[in-house]
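Each chain, letter by letter, is given below.
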Amino acid sequence: MTTYKQLLEQRESLELQIREAKKRETGAAISQARALVAEFGLTAQDVFPSTKTRTVRTGAKVAAKYRNTATGQTWTGRGKPPKWIEGQERTQFLIR
């Protein structure tokens with residue numbers, strides 16, 4: 001039966017082997033990636049496209065689509081409908 005101390009020594013030995021194997025395989029992977037980049041003339045943008053290229057508009061106002069003629073209240077048609085338009089034909093409230 002192995003002792004606690006022996007198991008710790010085995011773990012240290014395994015961790016060292018793991019680090020060495022990872023270093024060796026990482027080097028091989030990097031070499032292979034560089035060879036492919038050179039072979040196909042790839043750029044960093046080709047391999048790692050930036051997510052910042054999309055423009056996200058936040059807080060932009062949306063034009064009103066419906067108007068309550070009695071009160072002047074408006075609604076864009078997005079989200080939960082207001083009480084004044086619920087259960088009614090919406091075409092009569094369309095802003096033209």
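For the structure, check the block above.
Here we summarise the structure given alongside this text. (Residues numbered from 1 in each chain as written. Predicted model: local features only at pLDDT ≥ 70, side-chain atom pairs only at ≥ 80, totals over all residues. Heavy atoms only, no water.)

It is worth spelling out the nonpolar core at this point. Ranked by size, the top nonpolar core spans 5 residues in total: Tyr66, Trp75, Trp84, Ile85 and Phe93. Leave out the neighbours within four places in its chain, and Trp84 touches Tyr66, Arg67, Asn68, Gln73, Thr74, Trp75 and Phe93. (Core = buried A, V, L, I, M, F, W, Y, C linked by side-chain atoms within 4.5 Å. Buried < 20%, exposed > 50% of the residue type's maximum accessible area, 1.4 Å probe, protein only. Contact = heavy atoms within 4.5 Å.)

Attention shifts here to the packing of aromatic side chains. The way to describe two aromatic rings as a pair is by their centre distance and the angle between their planes. Under the criterion given, the structure shown has 2 aromatic pairs. The interplanar angle of 25° and the centroid separation of 5.3 Å between the aromatic rings of Tyr66 and Trp75 together place this pair among those described as stacked. Between Trp84 and Phe93 the ring centres are 5.3 Å apart and the planes differ by 70°, which places this aromatic pair in the edge-to-face class. Neither Trp84 nor Phe93 differs from the other in exposure class; each is buried. (Phe/Tyr/Trp six-rings, centres within 6.5 Å; stacked < 30°, edge-to-face > 60°.)

Here the focus is the environment of Gly72. Relative to the helices and strands, Gly72 is located in the loop between strand 1 (66–67) and strand 2 (74–75). Since its relative accessible area comes to 41%, Gly72 is described here as partly exposed. Taking the C-alpha atoms as reference, Gly72 lies 47 Å from Pro49; in sequence the two are 23 residues apart. (Helix = DSSP H or I, 4+ residues; strand = E, 2+ residues; numbered from the N terminus.)

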